[in-house]
Amino acid sequence: MKDDQRDSNPANPKDDPLERIAVLERRVAVLTRENERLETFLAVLRHRIFGRSSEKMSPDQFSLLDTAAPAPADPGEAEPSGEDTTGRHRRSRGGRRPLPDSLPRVTREILPASTQCPCCSREMARIGQDESKQLHLVPAHAEVHVTVRPKFACRTCGELAQAPAPDDRPIERGLPTAGTIAQVVIAKYLNHMPLHRQAAHYARFGVLLATTTLYGWVEAAARDLAPIADRLLELLLRRTKIHADDTPVTVLNPGRSGTHDGRFWVYADDTRPRGGIEPSIAVFRFSAGRAGKHPGQHLAGFKGTLQADAFSGFDHLYRGGAMVEAGCLGHARRKLVDLVRAKGSPVAGEGVKQIAALYRIERRIYGLPP
């Protein structure tokens with residue numbers, strides 16, 4: 001009897017058909033929104049893996065957002081580079097870039113077998129010449145710089161004379177010159193060539209260097225350049241505005257297989273866009289992870305505007321008011337571009353167009369004071 005009364009009680013929301021329908025409809029709405037979010041995320045992920053890396057929007061993508069049909073092209077107007085009327089891709093006519101005048105020239109002159117006229121046997125006059133140029137790259141080679149300090153002795157009294165050893169070695173009693181260390185550092189950090197590959201590269205022309213030796217050279221360079229980097233950061237922290245960003249870098253695990261992700265943090269200020277006369281500064285810092293404590297340590301003592309992305313690790317820097325947050329328009333635009341490509345969103349497309357208009361204004365006022 002009690003069970004029958006409970007089942008027939010309309011006050012129980014679980015037994016009210018209308019309430020159950022409302023609960024299910026709300027659940028369907030939540031699942032629909034979540035499904036749309038996941039579909040958008042999947043489309044963005046597919047594009048990042050298989051699509052173009054450039055974030056530029058093509059006119060064809062914008063045409064999907066326009067309601068009006070494009071105006072027909074003028075028959076007398078020249079076609080832009082791209083596809084011609086047959087659908088075949090036409091290459092734009094961009095001339096070959098000239099070779100720099102600073103490169104040394106090695107000229108080879110080829111004369112004809114005879115400069116006598118075959119008709120009258122007179123000597124022909126030179127009236128001009130044809131030139132063709134080729135780029136020749138000289139492979140890297142190694143040299144051994146030998147420093148000789150002769151010893152002199154007096155045969156009468158036995159006095160000795162010898163020039164003191166030069167103090168120009170970047171590493172005391174070390175093998176490399178400063179140019180050699182610079183080459184290793186540039187190859188590692190600018191050309192992204194790990195030290196073990198550099199060792200194999202040098203071995204191909206007969207110079208056998210252990211990876212640990214190259215590591216010691218890089219460590220010595222970092223130790224000698226650290227005061228300069230610290231001074232640059234000190235000067236940067238005196239500015240009123242700093243742009244901050246970070247990028248992942250794959251780091252080898254010494255003595256173990258595999259890698260781990262490190263971070264390069266860059267802090268910069270370029271005064272040229274706003275007509276400043278102070279020199280531009282860019283400072284790099286490395287960390288083993290992306291914790292927010294790292295930018296806090298790097299920017300300790302800074303008071304001013306910090307322009308960065310929406311990384312949560314920056315949030316604690318804005319507490320207290322010493323640093324003022326300025327969002328990065330480039331990062332915001334990237335999200336809109338993803339929505340246009342993934343879903344064809346007209347709202348996101350309009351946002352991209354409005355940001356493009358702001359970029360055109362920025363190009364026009366570049367270099368003017370605030």
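Residues numbered from 1 in each chain as written. Predicted model: local features only at pLDDT ≥ 70, side-chain atom pairs only at ≥ 80, totals over all residues. Heavy atoms only, no water.

> I keep staring at helix α9 (residues 346-364) and nothing clicks. Help me out?
Each α-helix turn comprises 3.6 residues. Residues three or four places apart therefore point the same way. Compared with an ideal rise of 1.5 Å per residue, which puts 19 residues at 27 Å, α9 spans 27 Å between its outermost C-alpha atoms and is within 8% of the ideal. Among the residues of α9, those classed as buried are Ala348, Gly349, Gly351, Val352 and Ile355. Buried residues of α9, viewed axially, fall in a sector of 155°; they line one side. Every exposed residue of α9 that faces more than 90 degrees away from the buried side is listed here: Pro346, Val347 and Arg364. (Helix = DSSP H or I, 4+ residues; strand = E, 2+ residues; numbered from the N terminus. Expected span 1.5 Å × (residues − 1). Buried < 20%, exposed > 50% of the residue type's maximum accessible area, 1.4 Å probe, protein only. Arc of directions from axis to C-beta.)

> Whenever I open this one, the side chain of histidine 298 confuses me. Can you help?
The residue histidine 298 is located in helix α7 (residues 293-298) in this model. Using a relative accessible area of 12% as the deciding quantity, one classes histidine 298 as buried. A polar atom in the side chain of histidine 298 sits 2.8 Å from the side chain of tyrosine 267. When near neighbours in sequence (up to four residues on either side) are disregarded, histidine 298 contacts Leu233, Leu237, Trp265, Tyr267 and Arg285. (Polar contact = N/O pair within 3.5 Å; in protein donor to acceptor, adjacent residues only side chain to side chain. Contact = heavy atoms within 4.5 Å.)

> Whenever I open this one, a nonpolar patch on the surface confuses me. Can you help?
A cluster of nonpolar residues, Leu329, Leu358, Ile361, Ile365 and Leu368, forms a patch on the protein surface that exposes about 400 Å² of accessible area. On the secondary structure map, isoleucine 365 appears in the segment after α9. (Patch = residues over 30% accessible without salt bridge, like charges linked within 9 Å, V, L, I, M, F, W, Y side chains within 5 Å. Areas by Shrake-Rupley, 256 points an atom, 1.4 Å probe, with all protein chains shown as cover. Salt bridge = Lys/Arg side-chain N within 4 Å of Asp/Glu carboxyl O.)

> Is there a simple way to explain the packing of helix α8 (residues 329-343) against α9 in this structure?
The contact between α8 and α9 brings their axes to 8 Å, and the two run at 145°. Every pair of crossing elements has a handedness; the one defined by α8 and α9 is left-handed. In contact with Leu329, Gly330, Arg333, Leu336, Val337, Leu339 and Val340 of α8, α9 contributes Ala348, Gly349, Gly351, Val352, Ile355, Leu358 and Tyr359. Classifying every residue of the contact of α8 with α9 gives ten nonpolar, three polar and one charged. (Axes fitted to C-alpha atoms, helices over the stretch in contact; angles between N-to-C directions. Left-handed = near helix turned anticlockwise from the far one by under 90°. Nonpolar A, V, L, I, M, F, W, Y, C, P; charged D, E, K, R; others polar.)

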